[in-house]
Amino acid sequence: MAWLSRTTFTRGIACAAAALMGVGVVSVVSTAPAKASVAAEGHQTAYENAVSDPFSDTFADPSVIRGRDGWWYAYATSDPLRAGDAPGAMHMARTKDWSSWEYLGTVFTSANRPAWATARAGLWAPDIRYVAGRYVLYFTVTDTTLNPGDDSAIGAATAPTPSGPWTPAPAPVVPPRPAPGGGFLWTFDPAGFTDVDGQRYLYYGSYFGGLWATRVSADGLTRVGGATQVAIDNRYEGSFVVRHGDWYYLMGSAANCCAGPTTGYSVFAGRSKSPLGPFVDAEGTSLLTSRVGGTIVLTQNGNRFVGAGHHAVVTDSEGRDFIAYHAIDRHHPWLTEPFGINRRPMLLDRLDWVDGWPRTRAGAGPSDTPQPAPSLDSGLGITPTDPAAAGFRGLAAGPVDPVGGDTAVVRGTASTVEPAPAGALHVRLDHQGTEPLRLLLGRDPAVKVTLDPRAGSLTAQVDDGGAVRSSSTALPAVVAGAWRTLTVEATAEGLTAEVTESDLADASARVRVDGAVQPHSAPVRLSSSGARVDNVVVNPAARDASALVPVPQAGALLSAEEFDDPSLAGFTWVRRNPAATVSDGSLNWPVEGKDLVGGGNDAGVLLHDAPGDGDWIAEAKTRLDVGTDTVRNYQQVGIVAYRDDDDFARLSNVAIWNTRQTEYGRETAADPANPDGPTSYGGAIVGTSAPTLWLRLAHHRTAAGEHLYRAGTSRDGVTWTWGATWTFTPGTSPRIGLVAHGGASPAVTAHVDHLRFYASSWPSDPGAG
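Residues numbered from 1 in each chain as written. Predicted model: local features only at pLDDT ≥ 70, side-chain atom pairs only at ≥ 80, totals over all residues. Heavy atoms only, no water.

S.K.: Please set out the pairing of strand β14 (residues 223–231) residue by residue, giving values where relevant.
M.R.: As paired strands, strand β13 (residues 210–216) and β14 are joined by six bridges and run antiparallel to one another. The residue bridging Trp212 from the neighbouring strand is Gln229, located in β14. Hairpin connection of β13 to β14: six residues between the antiparallel strands, including Gly220 at a positive phi of 80 degrees. (Pairing = 2+ DSSP bridges. Helix = DSSP H or I, 4+ residues; strand = E, 2+ residues; numbered from the N terminus.)

S.K.: Explain the pattern of salt bridges to me, and be specific about the residues and the numbers.
M.R.: When charged atoms on two side chains of opposite charge get close, those side chains can pair. According to the stated counting rule, one finds 39 salt bridges in the structure shown. The partner of Asp430 in a salt bridge is Arg428, with the nearest N and O atoms 3.5 Å apart. Comparing Asp430 with Arg428 shows no difference in burial state: the two are buried. Connected through shared salt-bridge partners, Asp195, Arg243, Asp246, Glu498 and Arg510 make up one network. (Salt bridge = Lys/Arg side-chain N within 4 Å of Asp/Glu carboxyl O. Buried < 20%, exposed > 50% of the residue type's maximum accessible area, 1.4 Å probe, protein only.)

S.K.: Describe the state of the cysteines, naming the residues involved and giving the relevant values.
M.R.: In a disulfide, the sulfur atoms of two cysteines are covalently bonded to one another. Scanning the entire structure with this criterion turns up one disulfide. Each disulfide pairs two cysteine sulfurs, and for Cys257 the partner residue is Cys258, the sulfurs being separated by 2.2 Å. Looking down the S-S bond of the Cys257 and Cys258 bridge, the torsion is -90 degrees, so its handedness is left-handed. Classification of Cys257 by relative accessible area gives buried; the value is 19%. (Disulfide = S-S within 2.5 Å.)

S.K.: So what's going on with the sheet that holds strand β39 (residues 605–608)? Residues and values would help.
M.R.: Strands in a sheet are paired, the pairing made by backbone hydrogen bonds, and the direction either parallel or antiparallel. The strand order β36-β39-β48-β41-β42-β43-β44 describes an open sheet built from seven strands, whose pairing is antiparallel. In the strand order of this sheet, the two ends are held by β36 (571–574) and β44 (679–688), each with one partner. Neighbour-to-neighbour, the strand axes of the sheet open up by a mean angle of 25 degrees, direction not taken into account. (Axes fitted to C-alpha atoms, helices over the stretch in contact; angles between N-to-C directions.)

S.K.: Which residues make up the side chain of Arg428, and what values do they have?
M.R.: Structurally, Arg428 can be placed in strand β26 (residues 425–432). A relative accessible area of 2% means that Arg428 is categorised as buried. Polar side-chain contacts of Arg428 include one of 2.9 Å to the side chain of Asp503. Ignoring sequence-local partners within four residues, the contact set of Arg428 consists of Arg66, Thr485, Leu486, Thr487, Asp503, Asn535, Val536 and Val537. (Polar contact = N/O pair within 3.5 Å; in protein donor to acceptor, adjacent residues only side chain to side chain. Contact = heavy atoms within 4.5 Å.)

Now the structure itself:
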């Protein structure tokens, strides 16, 4: 398979070239200039999604970590790597630029597969961490030898390096969990996390049983105490937790991961002041309630990628966050035949924090054009012969680390050859041992951060003309030989210092001094009597987008149906429901025990002509009260873009088991090359459900002739949540319809108070930029 081309982005940032010696299968040396400068103009490579295409056809459920050797390591579930391959045992690969990759093989072979996993068990959803001086890989085992019948559990394996060799733990970290009515809950999708007090957690679960969190031992391999449910069942899987500021963010994927071209998988978030919750979304709605909450982090935008989910979060050398996830190219959705294994390559995109919430590309969603890659080699690399050539004076060459390669020792004070850039600054380095290390910024210095393993403390201090502000916290102990990552960021908002093991937004110690920090243009200095360091990075601090990208906006009213005409003039029926009536300014429609999905196609659809091929919004105000918590599958009321019974996109307020959700579903041909073949159905989730809910479909026709329909929901008709986009092929002319179906028992009537059409403007191409 051809390797993706590499494009250079000039970003006008300050950096120095790293000289990092790789270890493992291939050694790669990136040489530094004779006099590297942290104030030089920065150059950064570009990547293009899907990033895993150079070495694989599918790379699902990705997990990523930055190795001590200066590489990004990625791991994936045990699908066949390429069409025609046999399933593997979880895959490994590494990269420095997210364009050229080295495939490292599988985590396990038949010789070291977990003994308690059955021969037919899948090994899914790896989660990589650096714990207590070694790498820990959590994973799902879909069937164990511990119980008769189907069960699932969370396993773990350890290794001295991110590429192995891997030794599986002798028993599950989380064993199979019996379900109350028989069988076993889905114990899937692990995600580790370490809190600021050093306490470790493991998150896991899926639709059958919900999401849970448990404390784990210092080595990450044993549960400690009971588990806490953090999200309701029948909504989320693929959890991942980060700490950002003073908040803990639980992110999870919703809807079907694997429905080929109709996959609507998306990522949502809630936040809490505790790693055990309760987690609520941006509107204050709990992730544990029946009308379940969740703020959209990532969803499809109408380009070729659908089903974007099951993610991980990584941070680059400028402090910028990225989200790695899998998605499906709707033009090539299957690895083999339709309804077989889904082709789910790995994608990567910038993760912005806007108004306190994580948003992929500020809400733009998956990219399909070249993007600036995560910064990795723009720091001060350590070389064994001449550390000064990498941008520092005063560093002594240290012993070669078996995992990270060349290191350096700080004896006295070492400083950057060139001054650090003025303004917001991001410094990152790896530290090993018990010798204290001080990081000094500014001339006086204005800023001093002290990492003191002996005293067990992390301290940050700002001296503003003699007025000293400081903050200190306990530094958890680590095992001998383990590395820590220290990150320091000085901005107009304050000084933050964090210590972490995995460098995955899970700091084990964090201090902050509020107020503007102005370290001025001066060398960055490291001071110690023998601290061992590596991977030192000095960069301008990354800036997130300040606002979300534009969303469709309703303009002038084009036409309106206010349901004051019992004859329903202007509408036509597909399978008329004689029980549907018009009275009191509403369409009153007893919910039918029928559906549009699959081969039945027996539900009624009330159709109205659309305004045309321009940009417009269709809006329906709906009312349907199906209570909460009880099972009312799948009673719903909704608005639909309808071509025919096998080609539609339906936005509904729907009861899904014990939950109430808004589902934006799509049915179309499962094989894009065979439009008359069998159909596939899948859905995306949008905003929070309510008994009274406004539903919108925003329409746009692309230059290529495709029809795009983006879904929006509102609980008050004023504040809107805009979610996924579905597409229809050129040459089609979908109409707009209303539906009320999914289940006739218990009897309930849906109401639609209006169907209105507004002029609109569609934002620019969401896949670009």
